Amino acid sequence: IPRDMWTKIIEVELPAGVTLERSPGGPKSVAAAAELLSGAKFPVILNGAGVILSEGGVEASKQLAEKLSAPVCCNYQHNDAFPGSHPLYAGPLGYNGSKA
């Protein structure tokens, strides 16, 4: 995503906040996340340390991305949080990301 788009000032109406259970996510949190994801128009996944530290996190993220046809970015210093050769891999975010 171009840098100027990340810093662009826009007017949006923010949705009401939700209370979620703390990690690793209880049944209510998982159900709420599934509902949000299933209704998302253009979902994008951001992977990081949580994916790396969790058992099977990279594979689970890959399956979710494929199910949603969602591009996956990785945050700073966690480029190993998603296979770089995967067609849905969109690269890193932050100052290590693309200027395109």
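See the structure printed just above.
Every value quoted in this text rests on a predicted model; they were computed, and no experiment measured them. (Residues numbered from 1 in each chain as written. Predicted model: local features only at pLDDT ≥ 70, side-chain atom pairs only at ≥ 80, totals over all residues. Heavy atoms only, no water.)

Draft legend 1. Geometry of the nonpolar core. Counting residues in each nonpolar core, the largest one holds eight residues, listed as Ile45, Val51, Ala65, Ala70, Val72, Cys74, Ala81 and Phe82. Contact partners of Ala70, with chain neighbours within four places excluded, come to Pro43, Val44, Ile45, Ala65 and Leu88. (Core = buried A, V, L, I, M, F, W, Y, C linked by side-chain atoms within 4.5 Å. Buried < 20%, exposed > 50% of the residue type's maximum accessible area, 1.4 Å probe, protein only. Contact = heavy atoms within 4.5 Å.)

Draft legend 2. Region of interest: the packing of aromatic side chains. Scanning the model with the defined rule gives one aromatic pair in all. For the pair Phe82 and Tyr89, a centre-to-centre distance of 6.3 Å together with 20° between the ring planes defines the contact as stacked. Judged by its relative accessible area of 2%, Phe82 falls in the buried class. (Phe/Tyr/Trp six-rings, centres within 6.5 Å; stacked < 30°, edge-to-face > 60°.)

Draft legend 3. Local environment of helix H4 (residues 57–68). In this model H4 runs 16 Å from its N-terminal to its C-terminal C-alpha over twelve residues, within 8% of the 16 Å that 1.5 Å per residue would give. Residues Gly57, Ser61 and Ala65 constitute the buried set of H4. Projected down its long axis, H4 carries its buried residues within an arc of 70°, all on one side. For H4, the secondary structure elements touched by its buried residues are strand S1 (45–47), helix H3 (49–53) and strand S2 (72–74). (Helix = DSSP H or I, 4+ residues; strand = E, 2+ residues; numbered from the N terminus. Expected span 1.5 Å × (residues − 1). Arc of directions from axis to C-beta.)

Draft legend 4. Up close: the layout of surface pockets. The computed volume of the largest pocket comes to approximately 370 Å³. Where the lining of the largest pocket is concerned, the elements lending two or more residues are S1, H3 and H4. With four residues, H4 is the single largest residue contributor to the lining of the largest pocket. When grouped by side-chain class, the residues that make up the lining of the largest pocket number seven nonpolar, five polar and no charged. (1 Å grid on protein atoms, 1.4 Å probe; cavity = no way out; pocket = protein on both sides within 12 Å on 5 of 7 lines; lining within 4 Å. Points joined across faces, edges and corners; volume = space filled by probe spheres on them. Nonpolar A, V, L, I, M, F, W, Y, C, P; charged D, E, K, R; others polar.)

Draft legend 5. Structural view of unusual backbone geometry. Its identity as a non-glycine residue notwithstanding, Ser69 has a phi of 55°, on the positive side. Inspection of the secondary structure assignment puts Ser69 in the loop between H4 and S2. Positive phi, normally seen in glycine, also occurs at Gln77, with a value near 65°. Looking at the element boundaries, Gln77 is found in the loop between S2 and strand S3 (89–92). Residue Gln77 is classed as exposed on the basis of its relative accessible area of 58%.

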